[in-house]
Amino acid sequence: MGLGGTNHQTPKQRKFMNNTNTKSKQAIAKELTHFTGTTQYYRYSPGLFPTFYLTDGTHYVAESCEAYWLFDYIASHQINSVIRKHPKLQQLQFRKLTVQDSKGFIICEWDTDQVVFSETIQFTDFPLDSIRLWVAPLHLSYVGLCSLEQDQWGWLAYLPSEH
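Residues numbered from 1 in each chain as written. Predicted model: local features only at pLDDT ≥ 70, side-chain atom pairs only at ≥ 80, totals over all residues. Heavy atoms only, no water.

Draft legend 1. A look at the overall build of the chain. Along its length, the chain carries five helices and seven strands. The helix and strand sequence of the chain, counted from the amino end, reads α-α-β-β-α-α-α-β-β-β-β-β. Looking at the chain residue by residue over its 163 residues, the buried ones come to 35%. Only carbon and sulfur atoms are counted for the fraction: they give 54% of the accessible area of the chain, which is about 10200 Å². (Helix = DSSP H or I, 4+ residues; strand = E, 2+ residues; numbered from the N terminus. Buried < 20%, exposed > 50% of the residue type's maximum accessible area, 1.4 Å probe, protein only. Areas by Shrake-Rupley, 256 points an atom, 1.4 Å probe, with all protein chains shown as cover.)

Draft legend 2. A look at the packing of aromatic side chains. Per the counting criterion, the structure on display carries six aromatic pairs. Ring centres of Phe-35 and Tyr-60 lie 5.3 Å apart, and the angle between their planes is 40 degrees; this geometry places the pair in the tilted category. Linking Phe-35 in the loop between helix 2 (25–32) and strand 1 (42–45) with Tyr-60 in helix 3 (residues 56–64), this pair joins segments that are 25 residues apart in sequence. Residue classification places Phe-35 among the buried positions, given a relative accessible area of 16%. Residue classification places Tyr-60 among the buried residues on the basis of a relative accessible area of 13%. With 6.5 Å between their ring centres and 25 degrees between their planes, Tyr-44 and Phe-49 make a pair best called stacked. Note on Tyr-44: relative accessible area 14%, which makes it buried. (Phe/Tyr/Trp six-rings, centres within 6.5 Å; stacked < 30°, edge-to-face > 60°.)

Draft legend 3. Spotlight on the packing of helix 2 against helix 3. At a minimum axis separation of 11 Å, helix 2 and helix 3 run at an interaxial angle of 170 degrees. As the angle between them shows, helix 2 and helix 3 are arranged roughly antiparallel. Viewed along their axes, helix 2 and helix 3 form a crossing whose handedness is right-handed. On the side of helix 2, the interface is formed by Ala-27, Ile-28, Glu-31 and Leu-32, while helix 3 contributes Gly-57, Tyr-60, Val-61 and Ser-64. Of the residues in the contact of helix 2 with helix 3, the class split is five nonpolar, two polar and one charged. (Axes fitted to C-alpha atoms, helices over the stretch in contact; angles between N-to-C directions. Parallel < 35°, antiparallel > 145°, perpendicular 65-115°, else oblique. Left-handed = near helix turned anticlockwise from the far one by under 90°. Contact = heavy atoms within 4.5 Å. Nonpolar A, V, L, I, M, F, W, Y, C, P; charged D, E, K, R; others polar.)

Draft legend 4. Expanded view of the pairing of strand 5 (residues 115–121). In this structure, strand 4 (residues 103–109) lies alongside strand 5, joined through six bridges in antiparallel fashion. Looking at the pairing, Gly-104 lines up with Ile-121 of strand 5. The turn joining strand 4 and strand 5, which pair antiparallel and follow one another in sequence, is formed by five residues; a positive phi near 60 degrees is taken by Asp-113. (Pairing = 2+ DSSP bridges.)

Draft legend 5. Broad picture of unusual backbone geometry. We note that Ser-102 has phi near 65 degrees; this positive angle belongs to a residue other than glycine. When you line up the elements, Ser-102 lands in the loop between strand 3 (93–100) and strand 4. Its relative accessible area of 36% is what places Ser-102 among the partly exposed residues. At Asp-113, a position not held by glycine, the phi torsion is positive, near 60 degrees. Following the sequence through the fold, Asp-113 ends up in the loop between strand 4 and strand 5. Taking relative accessible area as the criterion, Asp-113 reaches 64% and is therefore assigned exposed.

Structure representation (structure tokens):
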């Protein structure tokens, strides 16, 4: 509280401080079943990861699960030499986060049971027991300044149901 009993925190700060994410695990899981396809791409973090995009479904995961850290992790690993040098991972990556006793386990596969790397996250408050995410190259073509057509390559994180 600030002077005179007024609260000087922004709404986002209050939400963080009060942990007001009230959606249950069941409600989130049910909502995730409704994502098939996407209506738009969301540029995830223009400053840090300007070529990493989310779909409606993965955007929902970031928001409702407060899982921005998960997409930071995935986006930052796109420059990992294991991923950059693996031809199959340059076409499609299968990611899975499993949570047990507030500890996260992330794997990256190029095919079923073809794990390229895995990592343990020492603490997470991710609300679901597990989630699968797919990451694929994204080619965007658009008209830029001066009506010049421009191409951009990046990465798209999406739910398997959005494929």
